[in-house]
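A structural walkthrough
For reference, the chains in residue letters:
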Amino acid sequence: MNHRKLALATLGGAALLASTPLMGAPPAAAPIKIGYVYVSPVGDAGWTFQHDQGRKQMEAALQGAVTTKFIENVPEGADAERIIRQLAQDGNQIIFTTSFGYMNQTAKVAAAFPNAIFLHATGYKQGKNLGTYNARFYEGRYLNGVIAGKMTKTNIAGYVGAFPIPEVMQGINAFTRGMKSVNPKAEVRVIWVNSWFDPGKEREAAMTLISQGADMITHHTDSTAAVQAAEEKHKEKGTWAFSYHSDMAKYGPTAQLTGTTHIWGDFYTKVVKEVLDKKWKGTHVWGGFKDGMIKLAPLSPAIPADLKKTILRMEADITAGRLHPFAGPVVDQDGKERVPKGQNMTDADMGAMNYYVQGVASTLPKS
Amino acid sequence: MGLDFISSILFATIVAGTPLIIVALGELVTEKSGVLNLGAEGTMSVGAVAAFAVAHHTGSPALGILAGMGAGMFMSLLFGLSALTLMANQVASGLALSIFGVGLSAFIGKSYESVALASVDPIRIPWLHRIPVLGPSLFAQQGLVYFSWILIAAVAWFLYRSRAGLVLRAVGESPVSAHAIGHGVVRIRYQAVLFGGAMAGIGGAFLSVFYTPMWAEGMVAGRGWIALSLVVFATWRPGRVMIGAYLFGGCMITQMFVQGSGARIAIPAQFLSSIPYVATIVVLVLISRNRGTIRLNSPASLGQPFLPDA
C-alpha cells in the first residue's frame, strides 16, 4: 500500500516535470506509436474483433503517421494496469483501452503519464489526457426490432443477454420499442446467461427461446452461437436472427436478417488525427449512425422491399435526429412513465437504465 | 404446449449432460487406477480443436471424433510421462496440462476461428423416435449421445464384472500388492490414463463438432472441471455419473426455460445460474456425511505415485 503511494507520488512528480514543455516536439516525420489493450482474443467476430478492425482501418488511413500494436486477452484488474503502464513507458502516445473494467487502471496510469493520451471505451471517467468513447448501439437495435415486428409470425422475439447492465438494457428496450411500434402484439423474452462468452450456454439459451415460440433471435453476448442456432432451426421453424457486434452472415447465411455492427475505424481515424493536429480535447464521445460508429449489417434479401425502404428511411431519420428510439412516452414494464410525451430520454437517464420497458415479457432479476 | 415443453427440456438436458458423462467416465477409470489427472479441461480443449480441424478438412464428423480421441490420448500421454514415468506430483502435472492444453488449443485454433461447420443431423432410431415426449429426446439424438449410454454400461461392466477391471481396481487400491502378485502397475495406469484422455478428447469433439459446430478459444468454458467434480459427486460409481451429469444439465436448462417462458418470476438470473453448482455441493455434502460411502468407493492410492522397486 505504502510504497504504491510513494511510487505514485514519484511518478506524479516526474509527470509534473515532464509536462513543462521541455522536450522538443519530435520531428514530424517520425510516426507516433499507438497502443491498444483488448479484453479478449481478437478472434473472428465480436467486441474485440470490431475494435481491431477499427485499429487496422485507422492505421491504413493514416499510413506513415502512426504505428500501432495491441495486447489481447488482458484481464480486467491489476494486470491491466501493468500492461497499460508498460505501453505508456514504451512511448505509446495514444493508448486505447477497450473494456469497461479498465476504467480505474486507465485513469491511474493517465495521471502518471500526462504526455500520453488515453482513450477508454464505455467508461465515464474523464481527465485532461483521458477521454472516453462509446457508441449508440441502441439506435441499430431499434431498427432491428422494427424488422422483427414486421416479419415475426409468432409475435415472440428471443433475446440472449449477458449481464443486466445499462448498455444491455438499452439494447433490449430499444429492440422491444422498435418491435412494438409496428406490432402491438409483439413480446420480447430475455434469457440471461451470465457470461459474455460461453458458446454452449448461448446456444442453449437461443434453442430454449426458439422451442418456446420465438422466431426472431438476437443476442448481446460475444460468440456467434445464437445466430448459428437460429440458422440451424431456420428450415424447421422459420427462425430469423439479428447479429450483434459483428456481421455474422457467415454463421447464419439464410437466417440472419441484419444486425447491429460496431464500426470503430472512422472514430479512431478522427480522434488520432485530432491528436496529431494537436486539436484533441479530452471529452466523452457517444456516437451513433450519425457519426458512423454503428451500422446495420447488410439487409438480407428476405426482407421485403417496402420494409427495406422503411428501414433506410428510419435510419436517415435517426441520423438526422428526427427519430429517437426512446422518445416519450416511455413506459416501463410496471406501467410507470419514465419519459413524458414530447421529450426524448436524456443521455444520463439512458446511461442508468435498469428496467424493462413495456413489451418485455420476462421479469428483470432484482439484484 | 405442456408436453412439448417437457420434451424440449428433456432433449436439451440430455445434450448438455452428454459431454460431461463421457469425460467424467474417462476420468473415473483413470482415478480407479489410482491416478488423479486434473488435465480434463485442457485435454478437452485440444480434443475440441483437433476434432474441429479434421472435421472441417475432411468433411467427416466421424473422423473428427477420431482426431479428438487421438489428440486427447496424446495429451494424456504427456501427463503419463510426467506423472507416471518421471513421477512428478500428479496434481501439479494435471493442472499444468490443463493450462497448457487451453493455451495450445487457442494457438492451433487461430486459423479455424472464421470457419463454421454444417450442423450434423441426429440419428433417428426407427419407430422408437416416434414415441411421444420421450421419443425425440431419447431416440433422435447425436450418435455420441447413444455412445455415452453404452459407455456407462461398458465401464460399469468392465470395472465390476471383468477380470481386467478387477486388476485395475486392485492397482488403484493397493499398487504394492498388485505389483507383488505380478501386475505391471505403471503399464496398467498408463492404459487407464490413455483411456481417460481419449474420452476427454471425445467430449471436446462433441462440443466443437456437434454441440456448437464452431471453434472459439475458451469454448470448453469450464466443463472439464465440472466433469472432474462429477466423479467425486458420483462417489466413483458409473451409474451415478449419469445422474449427476443430467442433474447438472437439467438445472442449467430448466433455469433457462423458466427465464424464457415469460413467467413473472422475479428470481435473480445469477441465482438461477448458480443452482447447478449449489446442487452439486448439496449432494456432495449429503453423500460425505456418511464417510463410509466415500471411503468404500474412493481408490485408496489416489494421487500417490508408485515406484516399482520401492
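Rules of the game
- Residues numbered from 1 in each chain as written.
- Chains lettered and ligands numbered in written order.
- Predicted model: local features only at pLDDT ≥ 70, side-chain atom pairs only at ≥ 80, totals over all residues.
- Helix = DSSP H or I, 4+ residues; strand = E, 2+ residues; numbered from the N terminus.
- Rg over C-alpha atoms; globule rule 2.2 N^0.38 Å.
- Buried ≥ 20, exposed ≤ 12 C-beta atoms within 10 Å, placed from the backbone.
- Contact = placed C-beta atoms within 7 Å.
- Nonpolar A, V, L, I, M, F, W, Y, C, P; charged D, E, K, R; others polar.
- Pairing = 2+ DSSP bridges.
- Axes fitted to C-alpha atoms, helices over the stretch in contact; angles between N-to-C directions.
- Right-handed = clockwise from strand over helix to strand, strands pointing away.
- Parallel < 35°, antiparallel > 145°, perpendicular 65-115°, else oblique.
- Arc of directions from axis to C-beta.
- pLDDT = per-residue confidence, 0-100.
- Core = buried A, V, L, I, M, F, W, Y, C linked by C-beta atoms within 7 Å.
- Left-handed = near helix turned anticlockwise from the far one by under 90°.

1. Details of the overall build of chain B
The secondary structure content of chain B amounts to 13 helices and 2 strands. In terms of C-alpha radius of gyration, chain B reaches 20 Å, essentially the compact-globule figure of 19 Å for 310 residues. With respect to the principal axes defined by its C-alpha atoms, chain B has extents near 65 × 50 × 40 Å. Relative to its full complement of 310 residues, chain B shows a buried share of 48%.

2. Observations concerning the interface of chain A and chain B
Contact with chain A, which involves 35 residues of that partner, is made by 33 residues of chain B. At the level of elements, β7 (187-192), α7 (199-211) and α8 (225-237) of chain A are the ones that each hand at least two residues to the side of chain A that touches chain B. Sort the elements by how many residues they give to the side of chain A that touches chain B and α7(A) lands first, with 9 residues. The residue makeup of the side of chain A that touches chain B, split by class, is 13 nonpolar, 13 polar and 9 charged.

3. What about unusual backbone geometry?
Cis geometry marks the peptide bond from A:G328 to A:P329, where omega comes out at -5°. One non-glycine residue, A:K278, lies in the positive phi region at around 55°. Relative to the elements of secondary structure, A:K278 occurs in the loop between α9 (265-276) and β11 (284-287). The residue B:W127 is not glycine, and still its phi comes out positive at about 65°.

4. Observations regarding the sheet that holds strand β6 (residues 156-161) of chain A
The 6 strands lie next to each other as β7-β6-β8-β9-β10-β12 (chain A), forming an open sheet whose pairing is mixed. Of all the strands in the sheet, the pair left with one neighbour each is β7 and β12 (294-296) of chain A. If you compare each strand with its neighbour and ignore which way they point, the axes differ by 15° on average. In terms of strand pairing, strand β8 (residues 216-220) of chain A meets strand β9 (residues 240-245) of chain A through 3 bridges, oriented parallel. Looking at the pairing, A:M216 lines up with A:W240 of β9(A). Lying over the sheet, α7(A) contacts β6, β7 and β8 of chain A, oriented at roughly 165° with respect to β6(A). Against the sheet, helix α11 (residues 238-260) of chain B engages β6 and β7 of chain A, with an angle of about 155° to β7(A).

5. Observations concerning the pairing of strand β4 (residues 117-121) of chain A
Residue and element names in this part refer to chain A. Judged by how many residues are buried, β4 sits mostly within the fold: 5 of 5 residues are covered. Of the two faces of β4, the one lined by I117, L119 and A121 and the one lined by F118 and H120 are each fully buried. Taken together, the 4 bridges between strand β3 (residues 92-97) and β4 define a ladder with parallel strand orientation. Within β4, the position partnered with I95 by the bridge is F118. Crossover β3 to β4 through helix α4 (residues 103-112) is right-handed.

6. Focus: the packing of helix α6 (residues 143-161) of chain B against helix α7 (residues 163-173) of chain B
All names here are of chain B. Relative orientation of the contacting elements α6 and α7 amounts to 75°, with a least axis distance of 5 Å. Comparing the axis directions of α6 and α7 gives the class roughly perpendicular. Judged by residue contacts, F158, L159, Y160 and R161 of α6 engage A164, G165 and R169 from α7. Broken down by class, the residue content of the contact of α6 with α7 amounts to 4 nonpolar, 1 polar and 2 charged.

7. A word on α4(A)
All names here are of chain A. Among the residues of α4, those classed as buried are M103, Q105, T106, V109 and A110. Buried residues of α4, seen end-on, are gathered within an arc of 165° and therefore sit on one face of the element. Where the residues of α4 are buried, they touch α3 (78-89), β3, β4 and β5 (130-135).

8. Quick look at the environment of B:M242
All names here are of chain B. Take M242: it is sitting in helix α11. For M242, a count of 22 C-beta atoms within 10 Å puts it in the buried group. The spatial distance from the C-alpha of M242 to the C-alpha of I14 is 9.8 Å, given a sequence separation of 228 residues. Not counting residues up to four positions away in its chain, the partners in contact with M242 are I21 and I152.

9. Remarks on the confidence of the model for chain A
Residues and elements named next belong to chain A. Averaged over all residues, the pLDDT of chain A equals 89, while 91% of them reach at least 70. The least confident element of chain A, judged by mean pLDDT, is helix α1 (residues 2-19) at 44; the most confident is helix α5 (residues 137-151) at 97. Low pLDDT, under 50, characterises residues 1-27; the stretch is placed with 11 contacts to residues that sit more than four places away or in other chains.

10. Some details on the nonpolar core
Most often, soluble globular proteins keep nonpolar side chains buried together rather than apart. By size, the foremost hydrophobic cluster in this structure holds 178 residues, and its most contacted members are A:A206 and B:A24. The element that contributes the greatest number of residues to this core is helix α9 (residues 185-211) of chain B, accounting for 15 residues. Those residues within four positions of A:A206 in sequence are excluded, and the remaining contacts are A:G158, A:V160, A:I217, A:A225, A:A226, A:A229 and A:A230.

11. A word on the packing of α7(A) against α8(A)
Residues and elements named next belong to chain A. Interhelical geometry of α7 versus α8 gives an angle of 35° and a closest axis separation of 8 Å. The crossing of α7 and α8 is right-handed. Where α7 abuts α8, its residues P199, E202, R203, A206, M207 and I210 lie against A225, A226, Q228, A229, A230, K233 and K237. Counted by class, the contact of α7 with α8 contains 8 nonpolar, 1 polar and 4 charged residues.

12. A closer look at the sheet that holds β4(A)
All names here are of chain A. The parallel open sheet is built from 6 strands, whose spatial order is β2-β1-β3-β4-β5-β11. Of all strands in the sheet, those with a lone pairing partner are β2 (66-71) and β11, marking the two edges. Along the sheet, successive strands turn relative to each other by an average axial angle of 20°, direction set aside. Pairing between β5 and β11: 4 bridges, direction parallel. Following the sheet pairing, Y133 is matched in β11 by V285.

13. A few points about the pairing of β2(A)
Residues and elements named next belong to chain A. Note that strand β1 (residues 32-37) and β2 share 6 bridges and pair parallel. Paired with I32 across the bridge in β2 is V66. On the question of chirality, the crossover connecting β1 to the parallel β2 by way of helix α2 (residues 47-61) is right-handed.

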